[in-house]
Amino acid sequence: MAAAAAVEAVAPLGALWGLVQDFVMGQQEGPADQVAADVKSGSYTVLQVVEALGSSLENPEPRTRARGIQLLSQVLLQCHSLLLEKEVVHLILFYENRLKDHHLVIPSVLQGLRALSLCVALPPGLAVSVLKAIFQEVHVQSLPQVDRHTVYSIITNFMRTREEELKGLGADFTFGFIQVMDGEKDPRNLLVAFRIVYDLISRDYSLGPFVEELFEVTSCYFPIDFTPPPNDPHGIQREDLILSLRAVLASTPRFAEFLLPLLIEKVDSEILSAKLDSLQTLNACCAMYGQKELKDFLPSLWASIRREVFQTASERVEAEGLAALNSLTACLSRSVLRADAEDLLDSFLSNILQDCRHHLCEPDMKLVWPSAKLLQAAAGASARACDHITSNVLPLLLEQFHKHSQSSQRRTILEMILGFLKLQQKWSYEDKDERPLSGFKDQLCSLMFMALADPNTQLQLVGIRTLTVLGSQPDLLSSGDLELAVGHLYRLSFLEEDSQSCRVAALEASGSLATLYPVAFSSHLVPKLAEDLCSEESDLARGDGPTRCSRHPRCLQALSAVSTHPSIVKETLPLLLQHLCQMNRGSESPGTSEVIAVCQSLQQVAEKCQRDPESCWYFHQTAVPCLLALAVQASTPEKEHSVLKRVLLEDEVLATMASVIATATTHLSPDLAAQSVAHIVPLFLDGNISFLPENSFSGRFQPFQDGSSGQRRLVALLMAFVCSLPRNVEIPQLNRLMRELLELSCCQSCPFSSTAAAKCFAGLLNKHPAGQELDEFLQLAVDKVEAGLSSGPCRSQAFTLLLWVTKALVLRYHPLSSCLTERLMGLLSDPELGPAAADGFSLLMSDCTDVLTRAGHAEVRIMFRQRFFTDNVPALVRGFHAAPQDVKPNYLKGLSHVLNRLPKPVLLPELPTLLSLLLEALSCPDSVVQLSTLSCLQPLLLEAPQVMSLHVDTLVTKFLTLSASPSMAVRIAALQCMHALTRLPTPVLLPYKPQVIRALAKPLDDKKRLVRKEAVSARGEWFLLGSPGS
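Quick caveat: nothing in here was measured; it's all calculated off a predicted structure.

1. Comments concerning the overall build of the chain
Moving on, step 1. Tallying secondary structure elements over the chain gives 55 helices and 0 strands in all.
Moving on, step 2. For a compact globule of 1030 residues, the expected C-alpha radius of gyration is about 31 Å, and the chain comes in at 39 Å, more than 25% above that figure.
Moving on, step 3. Along the three orthogonal principal directions, the C-alpha set of the chain runs to about 120 × 85 × 65 Å.
Moving on, step 4. For the chain, the accessible area works out to roughly 44,500 Å², and carbon and sulfur atoms hold 53% of it.
Moving on, step 5. Measuring between centres, the 90 positive side-chain charges of the chain sit 5 Å from its 111 negative side-chain charges.

So this is what it looks like as structure tokens:
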């Protein structure tokens, strides 16, 4: 038995010896992994591997020794966690000894030491021993890149796990690493080396007398000049090296005396990248430095920054220079001073003021803005700096404003003042008397009002911005100032069309300031606007149209713009609603555009109220019943025919009213929404008008029963309300409501009503929780659709219902959506509904604005477009190939709509298989298909030029043909595609250059300006094709 056991023990060792021989002598790589796997599984121990390698490790031939050590190192790299402390000690002693071996052996030795540096069982003191051996025995920079990287990895591993031991070496460790890194050139190694230096500094390793040496060994790479080779598998970018080196250089104030002269030298150089890198590094350094480090270099730093901002032709250099100045000032501001120490901040700011102040007196000269930017950059660094500069600059600028009379000069000066005023908003002052602006308040207000009263539009614009900034300063404007300011804003809000930018700015300023000063606007602006509305109503009663047309929309815009505070909303909303009610009491019927203008103002007020729950509920319970009452009144028969009746029931007006109701509903809390739904749904189902204001209507309101066409049209308002409710709000009589909507959706007498009912049904379906009730509603819908599509006059309405129900289900990933989509695809071959079915794919893929929106709490799953594309485009392509010739355009149109709205990253992988169909779609006579396809192709030309260049001949021909299309939109899109074609590889395009330039001469004379503009742009790019520098 003993003999048998001995044989069993010898057999595995024999196999191990064979693997070793195959690796060492047979030069095979596979046995190393096999040996490592056997060690991991327990078949062998590391000691047995060393014994099997015995003769190889002692072989007089260096290459054989190297192979032996390489095998051992590869096994250790995979099995280092299995080593015992005693084994680690012996292995490290062995490897340290082999560092003195032949240079061919060194790479394998270093791999073994890297494996051992990862050992948890490493005894104390051995990390120091290993590093000392490497520092003494290995000339690292003579090794290949991979082996140098191994040395850096060993150091990194020990710094991570044996920090205290390494710190015990003191400055010797720093000096040893300096020797290792000195002369490194490979970017892969530099990233690791920079990280080691950063850790040396940030973790407080002793630098001893080697601070300058450590700086020199890293700063020699500054500024980084590295261009990655093409198709670099390592992915190292120049920016990676720049940021790593910058982190090192800016990591300690001890580098300041060496770094700052270097930065000044590089800023003053002629190389743009060096200037940028130096200014960015200076910016980073200021976070670590104090006054002591900067003191001796401040004059030179200021001179360099000033020169770059004054003279540079690069906006980036200017921006970095200003950022650096801001950081310098901030650094000087935060330094804690002794009582007897010199305050460098005051002297530094005095130098800046001395060099820049006099340029502010020359508003027409080119140095005025660079000087202002420098002063503002310094002032923006701290409250102290801001006070110092503002108190010196503001009196000068105020004086200059009065000294110069030209509007352009005054605008420049006021813009500079505005820049300094904005900086004041960054700092808070507990005592208002401490605020620097307090002493200049009267002068600033006077100057601002002069600008607002000036006839020059550009000066007025700056004046409005100044008013907004001054108004944002607490307690700066007095009640008299506010009254005067409101008067100016009122006047500017009614400027003529040629001053539209000024009018828009005045409205925005009114909204901003009304939030801060609601009493002033309620007292001085709202009454004026109310008076204007009353006069408009009087003009309407007399039939004076022209004045109404000019001021009416602007008055409404002003009322909505100022409705930014809850207290103001309680004044403006009743005014707007009352005005809408009063419009039917004149002798002249209001126009559709005027009613829509009032509704749009209400919409804007509703959007502003969404920010405040209380205002949102106030708007909802005030505006929604009023709008519903007006609409119901317009839809019921009366003895005296209302002048508003015809207008309120028009499609556009109802759509705008629906938008107001939806906006007023989306942000309601579930509890408040439940209160509202308990009134509005019974209104439509039972005719319960008790909650409506002025509810004495002459007839009954029964839109779902035998109501008139006008009453049925109001289902659009019901849709806006119920489809905007939160999902967890229970809708009363839902089953009945869904059945009524389904019935109305296939009513042929009024397409508007049937579409609104279909959309409302779809919106409720989308939000309904899964379960038996949802399945019943879906079955009812499918039956209704099939019955309507089979024959009869309701096919169009049944198709519309199918389309909206399909969209509702596609958005929520409902299983039935695939069946309904297949039914929709089947209709592409229908002679009557085919074109509409093709357009239906556009609806399925696009975002709606009234129903099925995320804002309206619809269930919209992420990436529904990608899923729709994956599930349905293959079937569309198959259908296209199988369809008769006269039906193929419908499939192309549907496909084009799907692809046009698909995220381009999803489309690009499928492009090779779909491109031929897209090119065929360009030949389709339907301009909608052409436009959709061109819109799809244009970004693909920019993002997939290699694929598109394979079809360049067809693309050039098709685009040039479509550039003469009867449709202006198609002509513009075709010319944009011709422009995008120039992104394809130049050699592919050059043969077509003469043909294209000749063909593009014709659209240069197009009767439409926008077409001519695109033609000029495209032809210019083709002219430059192949020229030097293009």
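2. Some thoughts on the confidence of the model for the chain
Moving on, step 1. For the chain, the average pLDDT comes to 87, and 93% of its residues sit at 70 or higher.
Moving on, step 2. Counting contacts from residues 1-11, a segment whose pLDDT is below 50, to residues more than four positions away or on other chains yields 0 contacts.
Moving on, step 3. In the predicted structure, residues 545-549 sits below a pLDDT of 50 and forms 8 contacts with residues beyond four places in sequence or in another chain.

3. As for helix α33 (residues 613-635)
An α-helix turns once per 3.6 residues; consequently, residues spaced three or four apart project the same way.
Moving on, step 1. Taking 1.5 Å of rise per residue, 23 residues should cover 33 Å, and α33 covers 32 Å from first to last C-alpha, within 8% of that figure.
Moving on, step 2. Of all 23 residues in α33, 18 are buried, a share of seventy percent or more.

4. Remarks on the environment of Thr 961
Moving on, step 1. You can see Thr 961 is positioned in helix α51 (residues 952-962).
Moving on, step 2. Owing to a relative accessible area of 55%, Thr 961 belongs among the exposed residues under this scheme.
Moving on, step 3. Between the C-alpha atom of Thr 961 and that of Leu 922, which follows or precedes it by 39 residues, the distance is 9.7 Å.

5. Quick word on the nonpolar core
Moving on, step 1. Counting residues in hydrophobic clusters, the biggest one holds 370 residues, and the most contacted among them are Ile 155, Phe 173, Met 181, Phe 619, Val 722, Phe 959 and Trp 1022.
Moving on, step 2. For this core, the element with the most residues is α33, which contributes 14 residues.
Moving on, step 3. If sequence neighbours within four positions are ignored, Phe 619 has contacts with Leu 573, Leu 602, Val 605, Ala 606, Cys 609, Val 624, Val 660 and Ala 664.

6. Re the state of the cysteines
Working definition of a disulfide: a covalent bond connecting the sulfur atoms of two cysteines.
Moving on, step 1. Counting across every chain of the model gives 0 disulfides.
Moving on, step 2. Counting only cysteine sulfurs, Cys 723 is the nearest neighbor of Cys 848, a cysteine outside any disulfide, at a range of 11 Å.
Moving on, step 3. The exposure class of Cys 848 is buried, given its relative accessible area of 14%.

7. With respect to the packing of aromatic side chains
Moving on, step 1. On inspection of all chains with the given rule, the structure shows 11 aromatic pairs.
Moving on, step 2. Here the aromatic residues Phe 135, Phe 173 and Tyr 205 are joined through ring pairs into a cluster of three or more.
Moving on, step 3. The residue whose ring lies beneath Lys 167 is Tyr 205, and the NZ or CZ to ring-centre distance is 5.5 Å.

8. Notes on a negative patch on the surface
Moving on, step 1. On the surface, a cluster of negative charge is made up of Glu 212, Glu 213, Glu 216 and Glu 257.
Moving on, step 2. A per-element tally of the negative patch places helix α13 (residues 211-219) first, with 3 residues.
Moving on, step 3. For Glu 216, the location among the structural elements is in helix α13.
Moving on, step 4. Under the relative-accessibility criterion, Glu 216 is labelled partly exposed at 41%.

9. Quick look at the side chain of Thr 218
Moving on, step 1. Position of Thr 218 relative to the elements: it lies in helix α13.
Moving on, step 2. Classification of Thr 218 as buried rests on a relative accessible area of 0%.
Moving on, step 3. In terms of polar contacts, Thr 218 uses its side chain to reach the backbone carbonyl oxygen of Leu 214, at 3.0 Å.

10. A few points about the side chain of Thr 564
Moving on, step 1. Within the secondary structure, Thr 564 sits in the loop between α30 (545-561) and α31 (566-582).
Moving on, step 2. Of the polar contacts made by the side chain of Thr 564, one reaches the side chain of Thr 515; its length is 3.0 Å.
Moving on, step 3. The contact partners of Thr 564, leaving out residues within four places of it in the chain, are Gly 511, Ala 514, Thr 515 and Lys 608.

11. Here we look at the pattern of salt bridges
Opposite charge on two side chains allows them to pair when their charged atoms are near.
Moving on, step 1. All chains considered together, the criterion is met by 31 salt bridges.
Moving on, step 2. Here Glu 163 ties to Lys 167 by a salt bridge, and the two come within 2.8 Å at their closest N and O atoms. Placement of both Glu 163 and Lys 167 in helix α10 (residues 163-167) is noted, with a separation of 4 residues, approximately one turn of the helix.
Moving on, step 3. Taking the relative accessible area as the measure of exposure, Glu 163 reaches 23% and is therefore partly exposed.
Moving on, step 4. For Arg 713, the salt bridge goes to Asp 651, with nearest N and O atoms at 2.0 Å. A residue pair is termed long-range when its members are at least 10 positions apart, and Arg 713 in helix α37 (residues 709-713) and Asp 651 in helix α35 (residues 651-665) qualify at 62 residues.
Moving on, step 5. Its relative accessible area of 13% is what places Arg 713 among the buried residues.
Moving on, step 6. What makes Asp 651 partly exposed here is its relative accessible area of 40%.
Moving on, step 7. Salt bridges sharing common partners tie together Arg 65, Arg 98 and Asp 101.

12. Some thoughts on the environment of Pro 1028
Moving on, step 1. For Pro 1028, the location among the structural elements is in the segment after α55 (1009-1024).
Moving on, step 2. C-alpha of Pro 1028 to C-alpha of Asp 182: the two residues are 846 residues apart in sequence and 42 Å apart in space.

13. Side note on helix α38 (residues 715-722)
Moving on, step 1. The buried fraction of α38 amounts to 8 of the 8 residues, a majority that puts the element mostly inside the structure.
Moving on, step 2. Taken as a whole, α38 has its buried residues at Val 715, Ala 716, Leu 717, Leu 718, Met 719, Ala 720, Phe 721 and Val 722.
Moving on, step 3. Looking at the packing, one finds that the buried side of α38 touches α33, α35, α36 (670-686), α37, α39 (734-745) and α40 (751-767).

14. As for the environment of Val 1011
Moving on, step 1. Relative to the elements of secondary structure, Val 1011 occurs in helix α55.
Moving on, step 2. Along the backbone, Val 1011 and Pro 945 are 66 residues apart, and their C-alpha atoms lie at a distance of 25 Å.
Moving on, step 3. Not counting residues up to four positions away in its chain, the partners in contact with Val 1011 are Met 968, Arg 971, Ile 972, Leu 975, Pro 1003 and Asp 1006.

15. Details of unusual backbone geometry
Trans is the prevailing form of peptide bonds, just as negative phi is the prevailing case for residues other than glycine.
Moving on, step 1. In this chain, Phe 222 is followed by Pro 223 through a cis amide linkage whose omega measures -10°.
Moving on, step 2. Mapped onto the fold, Pro 223 is located in the loop between α13 and α14 (238-249).
Moving on, step 3. For Gln 733, which is not glycine, the phi torsion reads 55° and is therefore positive.
Moving on, step 4. Position of Gln 733 among the secondary structure elements: in the loop between α38 and α39.
Moving on, step 5. You will see that Tyr 813, though not glycine, has its phi angle at about 60°, which is positive.
Moving on, step 6. On the secondary structure map, Tyr 813 appears in the loop between α42 (795-811) and α43 (816-826).

Thresholds applied
Residues numbered from 1 in each chain as written. Predicted model: local features only at pLDDT ≥ 70, side-chain atom pairs only at ≥ 80, totals over all residues. Heavy atoms only, no water. Helix = DSSP H or I, 4+ residues; strand = E, 2+ residues; numbered from the N terminus. Rg over C-alpha atoms; globule rule 2.2 N^0.38 Å. Areas by Shrake-Rupley, 256 points an atom, 1.4 Å probe, with all protein chains shown as cover. Lys, Arg positive; Asp, Glu negative; His and termini not counted. Charge placed at Lys NZ, Arg CZ, Asp CG, Glu CD. pLDDT = per-residue confidence, 0-100. Contact = heavy atoms within 4.5 Å. Expected span 1.5 Å × (residues − 1). Buried < 20%, exposed > 50% of the residue type's maximum accessible area, 1.4 Å probe, protein only. Core = buried A, V, L, I, M, F, W, Y, C linked by side-chain atoms within 4.5 Å. Disulfide = S-S within 2.5 Å. Phe/Tyr/Trp six-rings, centres within 6.5 Å; stacked < 30°, edge-to-face > 60°. Lys NZ or Arg CZ within 6 Å of the ring centre and 35° of its normal. Patch = residues over 30% accessible without salt bridge, like charges linked within 9 Å, V, L, I, M, F, W, Y side chains within 5 Å. Salt bridge = Lys/Arg side-chain N within 4 Å of Asp/Glu carboxyl O. Polar contact = N/O pair within 3.5 Å; in protein donor to acceptor, adjacent residues only side chain to side chain.

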